Each structure stands twice: as structure tokens, then as C-alpha cells.
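Fold and geometry: a report
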Amino acid sequence: MPVMSPRFRLKQAVLTTPTAPVITAVSSGSQSLIIYFIAPEGNGASAITNYQYSVNNGSTFTTLSPASTSSPISIAGLTNGTLYVVRIRAVNSIGPGTQSNAVTAVPGLPVSGALLWLSCDIGVTMAGSNVSGWSDLSGNGINFGAKPNSALPLRHSDSSIKFTASATYNDANARVLQNTSNTGLLNQTGLYTLFAVVRAGANNSCIISKSTDETKRRRYQISVNNGVIYALEGNGDISTSYNTLTGDQVNLKRLIVSQTPTSSQLLLRYNGAQVSLINNGSVSGTTTNTAPVYLGASPFSPGSTYNAEASTEMYIYEIVLYQSVLTLAQIQQVESYLNSKWSVY
């Protein structure tokens, strides 16, 4: 039998464990974290079959079950408001590989007690390229779904949800979501603090509103019109605005906070700074407002000629609503969380 010259002998691959993956981002959910990462450059000449994660800076690791080999991965069963130091590592036939870089993250919101929490990276139900539902992360079950006779919003490539509407009611081309099943929670007339991270177009782009046209009573309403931020209650019974001097730049992210510190005041914050505090009315008179809460337009009422406050290219990333007056320190905590997550300013 001929003997192969040593020169031509095939080298047998040396199997080893994978190199380190790189964590690129972390998203917070209620009692959960979503970890985005880049796979290891080297798999050790053996296919990666799973990942392990650590929430204590690598002291102990938990193997994903069921197995997952692609980004992102989800970590559940955590405690809201607790700081975790997260690492991950890939696993192949030889065993666990090198640990990733460490990142710190806090599941849940930095201030507890939110009435409503919507985040575009968690809890979104898709129907093809459309968004058919958006689940509340606060634990209160204030979920949003399709509005009858209207189209569904779209999912943008950056995960934000794109809403559009027209200035006519029940327009089948309007892309909005609504909540009708939690009127007890959302009918409260108490003071509140509302946060929204958005990219907005022109033409009176409404972000969120609880509206009924028959009485022209609005609740929680904030909108953007050609770079001017508006917040109002009732039929303008109490309202304020701020000109950001940025026009209708749809690619510009904005962090907006609206708060009713007292029954006659409305406070507005923009990108981490207070820009308006007005004393011009009263939030009384909203007790009979049992209308749905709309995302992306306000209001919708059959046969009305009242302006629908159409949303043109309203991209919503996150909305957080507290049925209470947060302190300045608490507001800044939530702003810091939202800005760090979405890189607004």
C-alpha cells in the first residue's frame, strides 16, 4: 500500500471552545432583560450549539433552555429595579467558551408604580410587517390593538412603530392602535406624569390621547406639530407648548415629559430640561371621558368634523405613564433610563 508523503498529510483541525461574543446592547422589560450581541469570531472549529448567561458578572452561568444560537437572547425571572452585571458565552461540542464583555442593566423602570409602559422592543405582536398589538409591560394589562375600520401601524427598521392618520374620522388609511378594555384604570382623573420617546413628522402629529369628540374632552394628550410640542387636557382647558426650533425633522428623536403637578398646572419637559410650566385652567371635567386611548391619532368619532389631529410619520419608541406626580429626581431617573436606552440627546 502506498504511503502518503508527510508533505501531503491533511492537518486535523484542533477543536477548542469558542472565543468571546460581544454584547452590544441591552433592553429592559418587566422582570426581564434582552441581550443583543455579536457572535464570537471563532467557534473553535465546532459549531456553536447554545449560549449561557450570567447576571452576577460571571460568577455563575445559566444555560439557555430551549437552546438559542442567535441574537438577541432573553433573560427572565429577574427582580425589577435591581442592578445586574451581565455576561454571556457561547457553547460548542467542547464546552463553554470565553466570557463576553460585562454590561450593567436594570430590569423594569427605575421608578416603580407605572400605570402604563409600552416599549417597542418588547411585547409587540406582528401580522406580517404590520403591528397588530402592543402589550403593556407595567403589569396592569393595558394592552393596545387594532382600531376597527383602520389599518395597522408598521414596524420600522429601528424597531419603532410607525403611526399615520388623516384628518378625517374612520379613515381606513389611518394606522393607529387603541385600548378600549381598561377604561377603569385610564378613566382616573388624578394627576399624572407621562413620558414619550418619539420621532415625529409635521401636520399635528399626535403621540397619545384619550379623546372623545362629543365633549371634546382629552386626557394625556401630547403631540408635535412642525417641531412645536403640545400638551393639553380637556378642550384646551389647560394646555402648554414649546417650540423646539427643529421643524418637522422626522429623523430627530425627542424625549417629551408632560405632567400635571396640580389640578391647574401643566408642566412640559423636552430632552431632559423643563421648558414650560403653565397655570391656565383646570383638569376638572374629565370624569365622564370613557373614550378609548389612541396611539398615533386623536380623536376618532363617526360623523364629526372636528380635526382628527392626524399623525404623519409618528414613530413611537416608548411610552411610560404614572398616575401620580413624580418628583424632579424621579423624573430625571426615568429620563436617564430612556435617554440611555434610545440615545435621544
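Residues numbered from 1 in each chain as written. Predicted model: local features only at pLDDT ≥ 70, side-chain atom pairs only at ≥ 80, totals over all residues. Heavy atoms only, no water.

Brief notes about the confidence of the model for the protein chain
Across the protein chain, pLDDT averages 82, with 79% of residues at or above 70. Considering each helix and strand of the protein chain separately, the mean pLDDT is smallest for helix H1 (residues 183-186), with a value of 61, and largest for strand S3 (residues 50-54), with 98. Scored below 50 in pLDDT, residues 300-311 makes 50 contacts in the model with residues more than four places away or belonging to other chains. (pLDDT = per-residue confidence, 0-100. Helix = DSSP H or I, 4+ residues; strand = E, 2+ residues; numbered from the N terminus. Contact = heavy atoms within 4.5 Å.)

Let's talk about the environment of Asn-43
Note on placement: Asn-43 falls in the loop between strand S2 (32-38) and S3. For Asn-43, a relative accessible area of 34% translates into the label partly exposed. C-alpha of Asn-43 to C-alpha of Val-91: the two residues are 48 residues apart in sequence and 8.7 Å apart in space. Not counting chain neighbours up to four residues away, the residues in contact with Asn-43 comprise Thr-16, Pro-18, Ile-48 and Asn-92. Here Ala-45 takes part through its backbone nitrogen, which lies 2.9 Å from a polar atom of the side chain of Asn-43. (Buried < 20%, exposed > 50% of the residue type's maximum accessible area, 1.4 Å probe, protein only. Polar contact = N/O pair within 3.5 Å; in protein donor to acceptor, adjacent residues only side chain to side chain.)

As for the environment of Ile-73
Structurally, Ile-73 can be placed in strand S5 (residues 73-75). The class of Ile-73 is buried, set by a relative accessible area of 2%. Measuring from C-alpha to C-alpha, the distance between Ile-73 and Gln-52 comes to 9.7 Å, with 21 residues separating the pair along the chain. Apart from the residues within four sequence positions on either side, Ile-73 is in contact with Leu-33, Ile-34, Ile-35, Phe-37, Leu-64, Ser-68 and Ile-88.

Examining the sheet that holds S3
Strand order in the open sheet formed by 4 strands is S4-S3-S6-S7, and the pairing between neighbours is antiparallel. What marks the edges here is a single partner per strand, and that holds for strand S4 (62-63) and strand S7 (103-105). Across 2 bridges, the pairing between S3 and S4 is antiparallel. By the bridge assignment for S4, Gln-52 is matched with Thr-63. (Pairing = 2+ DSSP bridges.)

Concerning the nonpolar core
Ranked by internal contacts, the top residues of the largest apolar core, which has 56 residues, are Trp-134, Phe-144, Phe-195, Ile-207, Ile-208, Leu-295 and Tyr-322. Of the residues forming this core, the biggest block, 7 residues, is contributed by strand S24 (residues 314-322). (Core = buried A, V, L, I, M, F, W, Y, C linked by side-chain atoms within 4.5 Å.)

Some words on the pairing of S3
With 5 of its 5 residues buried, S3 lies for the most part within the structure. Across the two faces of S3 the burial is the same, with Asn-50, Gln-52 and Ser-54 and Tyr-51 and Tyr-53 all buried. Where S3 lies against strand S6 (residues 84-91), 5 bridges are found, and the strand directions are antiparallel. Opposite Tyr-53, over in S6, you have Ile-88 as the bridge partner.

Side note on the pairing of strand S10 (residues 130-134)
Two strands pair when backbone bridges link them, and strand S9 (residues 124-127) and S10 are joined in this way by 4 bridges, in the antiparallel orientation. Pairing of Thr-125 across the sheet is with Gly-133, part of S10. Hairpin geometry of S9 and S10 is characterised by an intervening segment of 2 residues between the two adjacent antiparallel strands and by a positive phi of about 70 degrees at Gly-128. When S10 meets strand S11 (residues 144-146), the two strands line up antiparallel, connected through 2 bridges. Its bridge partner lying in S11, Gly-133 is registered against Gly-145.

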